[in-house]
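Reading the structure
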Amino acid sequence: MAVAKFDTLVQQLKYRVLKEVAKDYWDGTLNEKINDIPKVIAPGPKASMRCCVYKERAIAADRVKLALGGDKNNPNLLEVIEAACDECPFGGITVTSDCRGCLAHRCAQACRLNCITFGDDLRAHINKDKCVNCGLCMKACQFGAIINRRRPCEASCKIGAIHARADGITEIDEEKCTRCGQCSYACPFGAIMDKSYITQCIDIIKGAEGGKNYKAYMIVAPSISSQFHYAKLGQVITGIKALGFTDVIEAALGADMVALNEAKDLAEEGFCTSSCCPAFVRYVKTAFPELAEKVSNNLSPMAAIAKYIKQIDPSAKTVFVGPCIAKKMEVTRPDSAPFVDCVITFEELQALIDARGIDLPSLEEKPLDNASYFGRIFARSGGLSDAVKQALKEQNIDFEVKPVACSGLDQCKNALMQAKRGVLPGNFIEGMACPGGCIGGPCCLTHEVRDAASVDKYGHESKETTMLGAVNTVMADPKIASTK
């Protein structure tokens, strides 16, 4: 497989482990081959990624454990692979050797806590016992000699859920963590990884093929349109069916259903926040409990369409695939658990496809014709807000929505703080934990280009021009909710 399918070599390493686990599990040989996988990943004799091949294999072994579900005693979906953590410096605001010992001392003048002093060398020194890392001195320095030295994982976490233990290893604060997973992509050493349920997905496929008298449905997130750039979307759909899934359904159809209901709720309540992003919902409930009742009571698009599938086919098994780690948390919630049987990521789907030797570019295309334009654009920031506006219009509801679309938890925090104080310039918060929306999810195959244009293009390809049209078409003929 070409590295070009992923942005980084860290993703490539993660994929290789997932692929080996999936291949051996599918073949029924995992138990006898499990100890050989680290040697496949790090064949030696020389190390290519770490100080020695033995450390490479130890880290690979930890990755295998996470590929099989990880530590059952750890409630978080994200785990730190301690052997892989390089103990990056946690320095905060730091004066570098570039300090010129100038006369202006703008840095000291900017510091409101009087943290900065000057030694015999005339250079600035920061009292770390007093410094709060506000960054004012850094902005004031005309030489750029003061920097904010932060670990990549810490910098990616906008809510302060990551810190260093006494031994320097990164630790995740369970109470604060929203499972957004941005830290897992940010870590350049691949030391933070999400637990995988790829074997559970394989069990569902095997059961459907093995005469257990149920059909397996894969529900694809709208952000699939910004993935798998080396093949056409229709070929990806064919590839998913080749894995053994009976049908492929768009979560965007669930988004149509959710937007229609959310518009009604908003008009009745006058103010609410979205409920589509599980990381955002967890953040509201943990950091802003006084606003928890303002979170929409609607299911997420994933759960809404899964519920509909099981109403049509009660014996069905549903697997959701998307860019999101937090969806693996959502599937354990009481409101979603009865409807979604398994969640995997785009990275894991790629591993499954390649484990079965499926060459996507060589396949015929299968159409995906379930949802409207507005359901499909949920994948990008602002898409949900546009859909709610359209839903009000389609249902002739006289209410002016003033949305505040938040891209990333830092923007979510600002909007929630304003709502808490009663000064929010809007009446609907669209909360997306990932930058750019779901197209910026941590388990995308590609992150460097958050391709909102491809999402809109995908939306315009829909044969349904309205959300009501998409939902009513399916309701009138349930068989329409499948690929042809």
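The notes below deal with the structure included here. For clarity, every value in this text was computed on a predicted model and none was experimentally measured.

Note on terminology: disulfide describes a covalent bond linking the sulfur atoms of two cysteines. One pass over the structure, following the stated rule, counts zero disulfides. Note on Cys131: no disulfide assigned, nearest cysteine sulfur contributed by Cys115 at a separation of 5.2 Å. Cys131 gets classed as buried once you look at its relative accessible area, which sits at 18%. Of all cysteine sulfurs in the structure, the one in Cys412 sits closest to Cys406, which takes part in no disulfide; the separation is 4.7 Å.

This paragraph deals with the sheet that holds strand S14 (residues 403-407). Reading across the sheet, the three strands line up as S11-S15-S14 and stay open at both edges, with parallel pairing between neighbours. Among the strands making up the open sheet, the edge pair consists of strand S11 (272-273) and S14. Bridge count between S14 and strand S15 (residues 428-432): five bridges; the pairing is parallel. Bridging from a neighbouring strand, Val404 pairs with Ile429 of S15. This element, helix H18 (residues 409-421), spans S14 and S15 of the sheet and lies at about 145° to S14.

Tracing the backbone through its elements, the reader meets Tyr308 in helix H13 (residues 301-312). Separated by 94 residues in the primary sequence, Tyr308 and Lys402 place their C-alpha atoms 30 Å from one another.

Our next topic: the sheet that holds strand S10 (residues 247-250). Taken in spatial order, the four strands line up as S10-S9-S12-S13 in an open sheet, and their pairing is parallel. Pairing within the sheet leaves two strands with one partner each, and these edge strands are S10 and strand S13 (342-345). Each adjacent strand pair in this sheet contributes to an overall mean axis angle of 30°, direction not counted. With four bridges connecting them, strand S9 (residues 216-220) and S10 associate as parallel partners. Following the sheet pairing, Val220 is matched in S10 by Glu250. Against the sheet, helix H9 (residues 198-209) engages S9, strand S12 (317-322) and S13, with an angle of about 120° to S13.

With that settled, consider the packing of aromatic side chains. Counting across every chain of the model gives five aromatic pairs. Geometrically, the ring pair formed by Tyr373 and Phe374 is edge-to-face, given 5.0 Å between the ring centres and 85° between the ring planes. Considered together, Tyr373 and Phe374 belong to a single accessibility category, that of buried residues. Above the ring of Tyr214, the side-chain terminus of Lys317 is found at 5.7 Å from the ring centroid. The aromatic ring of Phe320 is capped on one face by Lys327, whose charged end is 5.8 Å from the ring centroid.

Here we take up unusual backbone geometry. Cis rather than trans, the peptide bond between Gly44 and Pro45 has omega equal to 5°. Mapped onto the elements of the fold, Pro45 is located in the loop between helix H3 (37-41) and helix H4 (53-67). With a phi angle near 55°, Asn114 is a residue other than glycine that sits in the positive phi range. Mapped onto the secondary structure, Asn114 falls in the loop between helix H5 (106-110) and strand S3 (116-118). A relative accessible area of 55% places Asn114 in the exposed class. Phi at Asn396 takes a positive value of approximately 55°, unusual for a residue other than glycine.

Under the 1.5 Å per step criterion, the end-to-end length of H9 is 17 Å for 12 residues, consistent within 8% with the ideal 16 Å. Just beyond H9, the residue with positive phi is Gly211, at close to 80°.

This next bit is on the pattern of salt bridges. Within this structure, the stated rule accounts for 24 salt bridges. Taking the shortest distance from any N to any O, the salt bridge between Lys23 and Asp27 comes out at 3.7 Å. Of this pair, Lys23 and Asp27 both sit in helix H1 (residues 9-27), four residues apart, which is roughly one turn of the helix. Taking relative accessible area as the criterion, Lys23 reaches 33% and is therefore assigned partly exposed.

Time to look at the nonpolar core. Counting 96 residues, the largest nonpolar core has Met218, Leu243, Phe245, Ile344, Leu349 and Leu352 as the members making the most contacts within it. Excluding residues within four positions of it along the chain, Phe245 makes contact with Cys201, Ile205, Ala216, Tyr217, Met218, Ile240 and Val319. Counting 38 residues, the second largest nonpolar core, distinct from the first, contains Leu78, Ala161, Ala279 and Cys412.

We now examine the packing of H1 against H4. Interhelical geometry of H1 versus H4 gives an angle of 60° and a closest axis separation of 10 Å. Judged by the angle between their axes, H1 and H4 are oblique. Note that H1 runs across H4; the crossing there is right-handed. Across from Leu13, Lys14, Val17, Leu18 and Val21 in H1, the residues of H4 making contact are Arg63, Val64 and Ala67.

Further remarks concern the pairing of S13. Across the two faces of S13 the burial is the same, with Cys342 and Ile344 and Val343 and Thr345 all buried. Sheet analysis places S12 next to S13, joined by four bridges and oriented parallel. Residue Val319 lies in a different strand from S13, and its bridge partner there is Cys342.

Position of Glu394 among the secondary structure elements: in helix H17 (residues 383-394). Within the buried set, Glu394 has no salt-bridge partner at all; the shortest N-O distance to an opposite charge, 8.3 Å, is to Lys393. What Glu394 contacts, discounting residues up to four positions off in sequence, is Leu260, Thr466, Met467 and Leu468.

Thresholds, definitions, all that
Residues numbered from 1 in each chain as written. Predicted model: local features only at pLDDT ≥ 70, side-chain atom pairs only at ≥ 80, totals over all residues. Heavy atoms only, no water. Disulfide = S-S within 2.5 Å. Buried < 20%, exposed > 50% of the residue type's maximum accessible area, 1.4 Å probe, protein only. Pairing = 2+ DSSP bridges. Helix = DSSP H or I, 4+ residues; strand = E, 2+ residues; numbered from the N terminus. Contact = heavy atoms within 4.5 Å. Axes fitted to C-alpha atoms, helices over the stretch in contact; angles between N-to-C directions. Phe/Tyr/Trp six-rings, centres within 6.5 Å; stacked < 30°, edge-to-face > 60°. Lys NZ or Arg CZ within 6 Å of the ring centre and 35° of its normal. Expected span 1.5 Å × (residues − 1). Salt bridge = Lys/Arg side-chain N within 4 Å of Asp/Glu carboxyl O. Core = buried A, V, L, I, M, F, W, Y, C linked by side-chain atoms within 4.5 Å. Parallel < 35°, antiparallel > 145°, perpendicular 65-115°, else oblique. Left-handed = near helix turned anticlockwise from the far one by under 90°. Lys, Arg positive; Asp, Glu negative; His and termini not counted.

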